[in-house]
Amino acid sequence: MVQNPAFLDSETKLGKELKNTHKAWKQAIAEPGQEFSSTPLPVLEGTIPEYLRGTLYRIGPGRLSRGGIQVGHWFDGDGAILRVHFGDDGATALYRYVQTKGYQHEVAAGKLLYGNYGMIAPGRFWNHFLRPLKNVANTAVIALPDKLLALWEGGKPHALDLETLETQGIDSLGALKGGLTYSAHPKRDPQTGEIFNFGVTGKFKGCLNLYKSDSTGKILVSKAFSLDWLPLVHDFVLAGEYLIFFIPPVKVHGLPVGLGLRSYGNSMTWEPKSGTQILVFDKQTLSLVSRSETEGFFLWHFGNGYVDENGMVMIDFAGYEDFNINQRLKELPTGELKTPTKSGLWQLILNPKTGKVKAVEKGYNHLAEFPMVSPLEIGQKWRYTYFLGFGKGTNTTEEFFNAIARIDYKTDSLTIADLGENRYPLEPTYAANPINPQSGWLLTIVYDGNNHTSEVWIFDSEHLDDEPVCKLELPSVIPLGFHGIWKGN
Ligand SMILES: [Fe+2]
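Small disclaimer: the values here were computed from a predicted structure and weren't measured.

### A word on the pattern of salt bridges
- Under the definition given, this model contains 18 salt bridges.
- A salt bridge links Lys212 to Glu194, with the nearest nitrogen and oxygen atoms 3.6 Å apart. Pair noted here: Lys212 is in strand β14 (residues 207–213) and Glu194 is in the loop between β12 (187–188) and β13 (195–201), with a separation of 18 residues, a long-range link.
- The class for Glu194 is buried, based on a relative accessible area of 17%.
- One salt bridge in this structure joins Asp448 and Arg423, with 3.1 Å as the shortest N-O distance. Of the two residues, Asp448 sits in strand β32 (residues 440–448) while Arg423 sits in strand β30 (residues 423–425), which places them 25 residues apart along the sequence.
- When its relative accessible area of 24% is taken as the criterion, Arg423 is described as partly exposed.

Right under this line is the structure:
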């Protein structure tokens, strides 16, 4: 935990002048992403680092409308994957939609047929029952030795070919029977290669299903744990020997969903008086260690966690004092963001044996999202957390993220890489340097609204405030998206 961190001071210098209010980000989602086959990428500036060899996979909603109908929420778009491969002959890219059954049905029909997180099925009332949900396979990817998984927390993974992105179909990972789901944020233990994940099921009360897999993704152990309500849980954190969940006071009401009257996203209530529950599990046995509650807050994403020398857990995450973010993400497909949030990049210390929270710091008091660390540091003490934030003078209510930020827990400092006017990065992905794993690169996809293009930007992770070491031109605009992963050679 940092005391009186210097970044609290530096962060307040973001400024009051609102210069970046052009909202050019909306052009990045105005049209569906266009698939392209394997294409060499021209270098625009700099050079590809000599030891950067491997593949970046990124996923997000590729299209937010069909047949003249817009989806109800950013989460509802069909998943499309960008693959950027770095070899000795340069970089090549490939962009493909995940061929889910729902996607294929809608392509054939030329219109939206299914309901989703933020919309009920269009058309006649019986469609609400017949087509309540489409697995959009749009949220995150994990690269296994023999396949890529496209993840969506409401269902099972889709497996794809690592090179061609050909969709192979639903993958149960050897254990996902019936209605069991597999969430979009599995954690890979860098020391053992084991993969941990969860899925929430239930119509009225929630059931938290925990999974422990080997390095191939095959589920070896699973356990189910009853929850007090049906919550919205998107992520968890691996911290030393623990798996830790924050169950926010967002309650999904199953009846209107079951009757086909409202979508999931429109059937939730924010009840902060219920508090946020903290569940700590032993990662080996998947058994409960402690259960407690603290003040009510919301989060989508954790950054990282570890156990310190006194046995206390330190965690950082992108926290929210309210649930306005759901409304904000509902607005995003319309191209107009209006709803502000009270949020930031927060740190929390807790006693894992009791679950009691000892302290909370708030290190960056603007909307922050997609916190991440080097995959080699997951669950262990770490130095840098990277996330998306805002450059100086940005109207943070109306704009999309336009900067990559980094908190340095060693120096208690904050670095903000402002990408310039009308440029919008996606979640950075960390690629470790195989020659010196303590260093590496940050890869991101930047939408440049000045000329309506998308580019691959590569930063030296140690010198985030310097110019990128390389910029590459993509063949077409990649719509704003969610998560990515790096698979080294
Ligand atoms: Fe996520």
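### Some words on the sheet that holds strand β9 (residues 148–151)
- What the 4 strands build is an open sheet, ordered β8-β9-β10-β11; its pairing is antiparallel. Of all strands in the sheet, those bounded by a partner on one side alone are β8 (140–143) and β11 (167–170). Looking at each pair of strands side by side, their axes are set apart by 25° on average, direction ignored.
- As judged from the 3 bridges shared by strand β10 (residues 158–160) and β11, these two strands associate in the antiparallel manner. Across the sheet, Ala159 pairs through a bridge with Gly169, a residue of β11.

### Comments concerning the UniProt feature "binding site: Fe cation" (unreviewed entry) in the chain
- Mapped onto this structure's residue numbering, the UniProt feature "binding site: Fe cation" (unreviewed entry) falls at His185, His234, His301 and His483. Sequence-wise these annotated residues cover 299 residues; spatially they are packed, their C-alpha atoms never more than 12.8 Å apart.
- Within the secondary structure, His185 sits in the loop between β11 and β12.
- Other than its neighbours up to four places away in sequence, His185 contacts Asn197, His234, Asp235, Phe236, His301 and His483.

### Regarding the coordination of the iron ion
- Taken together, His185 (NE2), His234 (NE2), His301 (NE2) and His483 (NE2) make up the protein donors of the iron ion, found 2.0 to 2.1 Å from the metal.
- Each of the 4 donor atoms bound to the iron ion contributes to angles spanning 90 to 166°, and the resulting shape is irregular.
- All donor residues of the iron ion come from one chain, and their arrangement in sequence is H-x48-H-x66-H-x181-H. Of the two residues, His185 sits in the loop between β11 and β12 while His234 sits in the loop between β15 (219–226) and β16 (237–239), which places them 49 residues apart along the sequence. Each member of the pair, His185 together with His234, is buried.

Parameters at a glance
Residues numbered from 1 in each chain as written. Predicted model: local features only at pLDDT ≥ 70, side-chain atom pairs only at ≥ 80, totals over all residues. Heavy atoms only, no water. Salt bridge = Lys/Arg side-chain N within 4 Å of Asp/Glu carboxyl O. Helix = DSSP H or I, 4+ residues; strand = E, 2+ residues; numbered from the N terminus. Buried < 20%, exposed > 50% of the residue type's maximum accessible area, 1.4 Å probe, protein only. Pairing = 2+ DSSP bridges. Axes fitted to C-alpha atoms, helices over the stretch in contact; angles between N-to-C directions. UniProt positions renumbered as here; feature names shortened; annotations may be inferred. Contact = heavy atoms within 4.5 Å. Donors = N, O, S within 2.8 Å, 3.2 Å for Na, K, Ca; no water. Tetrahedral: all angles 85-135°; square planar, octahedral: opposite > 155°, others 65-115°.

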